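Fold and geometry: a report
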Amino acid sequence: MKKKIPVQFLKSPVILHTFTRDQIERGDLTDFIEKFGEGQLGGSRVEHLFGKLVFKFDGVEEGGVATHPKVRVLLRRLNDRWRWSGFFLNLSEPLGPPDTFNLYPLLALGLCTADLKIGTWERTGRTFIRIGSQIHQFKDIAHMVVEHLRKETKLSHAVIQQRHRDIEQQFKAINL
């Protein structure tokens, strides 16, 4: 059964979706897809949801979502089934706990889709993170989604261009 997004949510500045501990543990996207899946995004809902969606994760109290193993799996699955985050994600609210990368929600989600290699330089003892090339594809798709979905809205050219700039700003944190 499809779940409708209540009208009062469409009028609010943010729409919060919380993944429960059980959903995170099982990698279960059913509830989310029933609310925000492609079949639910017809008509004016696309425009009303633009830049409003905020994700929270029950039981993830600290640390980056991009390095939390179960959240990474969940968000990789989400990205495989729902590529619309570049358009719908609120880019001013953290993705999970307010941690370094979480402050850039699109980047944090993108990092979940990329292979990460965390290591320590032998000579200096400093930690490094190598990010897989999937992050480039994720960023490109975010821009393509904005262009694709703008055709279904009455959003101005200036609003769409600002969204593209905001997407770029998200990835500047890692010089991408």
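Now for a quick tour of the structure. (Residues numbered from 1 in each chain as written. Predicted model: local features only at pLDDT ≥ 70, side-chain atom pairs only at ≥ 80, totals over all residues. Heavy atoms only, no water.)

1. As for helix α7 (residues 105–113)
Cut-off, in case you're wondering: The rule is simple: take the accessible area with a 1.4 Å probe, protein chains only, and divide by the maximum for that residue type; under 20% is buried, over 50% is exposed, in between is partly exposed. Helical segments are the DSSP runs of H or I of at least four residues, strand segments are the runs of E of at least two, and each set is numbered from the N terminus. Only heavy atoms enter the contact rule, under which two residues are in contact if any of them lie within 4.5 Å.
For α7, the tally of buried residues reaches 9 of 9 residues, placing the bulk of the element in the interior. Its buried side turned inward, α7 meets α5 (69–81), α6 (85–88), β3 (116–120), β4 (127–131), α8 (134–150) and α9 (157–172).

2. Concerning the nonpolar core
Cut-off, in case you're wondering: Side-chain atoms within 4.5 Å link the members of a nonpolar core, which is a set of buried Ala, Val, Leu, Ile, Met, Phe, Trp, Tyr and Cys residues.
Counting residues in hydrophobic clusters, the biggest one holds 46 residues, and the most contacted among them are F32, F55, F57, L75, W82 and F88. Ranked by residue count, the leading element in this core is α8, at 7 residues.

3. Some thoughts on the packing of aromatic side chains
Our working rule: Stacked, tilted and edge-to-face are the three classes assigned to paired rings of Phe, Tyr and Trp, where Trp is represented by its six-membered ring and a pair needs centres within 6.5 Å; plane angles under 30 degrees give stacked, over 60 edge-to-face, the rest tilted.
Under the counting rule described, the total for this entry stands at 11 aromatic pairs. Each ring, one from F32 and one from W82, has its centre 4.9 Å from the other, and the planes form 90°; the classification is edge-to-face. Of this pair, F32 sits in helix α3 (residues 30–36) while W82 sits in the loop between α5 and α6, and the two are 50 residues apart along the sequence. Comparing F32 with W82 shows no difference in burial state: the two are buried. Residues F138 and F171 carry aromatic rings whose centres are separated by 6.4 Å and whose planes lie at 55° to one another, so their mutual orientation is tilted. Taken together, the positions of F138 in helix α8 and F171 in helix α9 put the pair 33 residues apart, joining distant regions of the chain.

4. A few points about α8
Formally: Helix span, expected: 1.5 Å multiplied by one less than the number of residues in the helix.
Taking 1.5 Å per residue, 17 residues should reach 24 Å; α8 reaches 24 Å between its end C-alpha atoms and fits that length. Burial in α8 covers these residues: I135, F138, K139, I141, A142, H143, V145, V146 and L149. Buried residues in α8 make contact with α4 (45–49), α5, α6, α7, β4 and α9.

5. Brief notes about the pattern of salt bridges
Applicable threshold: Here, a salt bridge means any side-chain nitrogen of Lys or Arg that lies within 4 Å of a carboxyl oxygen of Asp or Glu.
Under the defined criterion, the tally for this structure stands at 7 salt bridges. Salt-bridge contacts for K70 lead to E25; the nearest nitrogen and oxygen are separated by 3.4 Å. Taken together, the residues K70 in helix α5 and E25 in helix α2 (residues 21–26) connect sequence positions 45 residues apart. The class for K70 is partly exposed, based on a relative accessible area of 35%. A salt bridge links D31 to K35; its shortest N-O distance comes to 3.3 Å.

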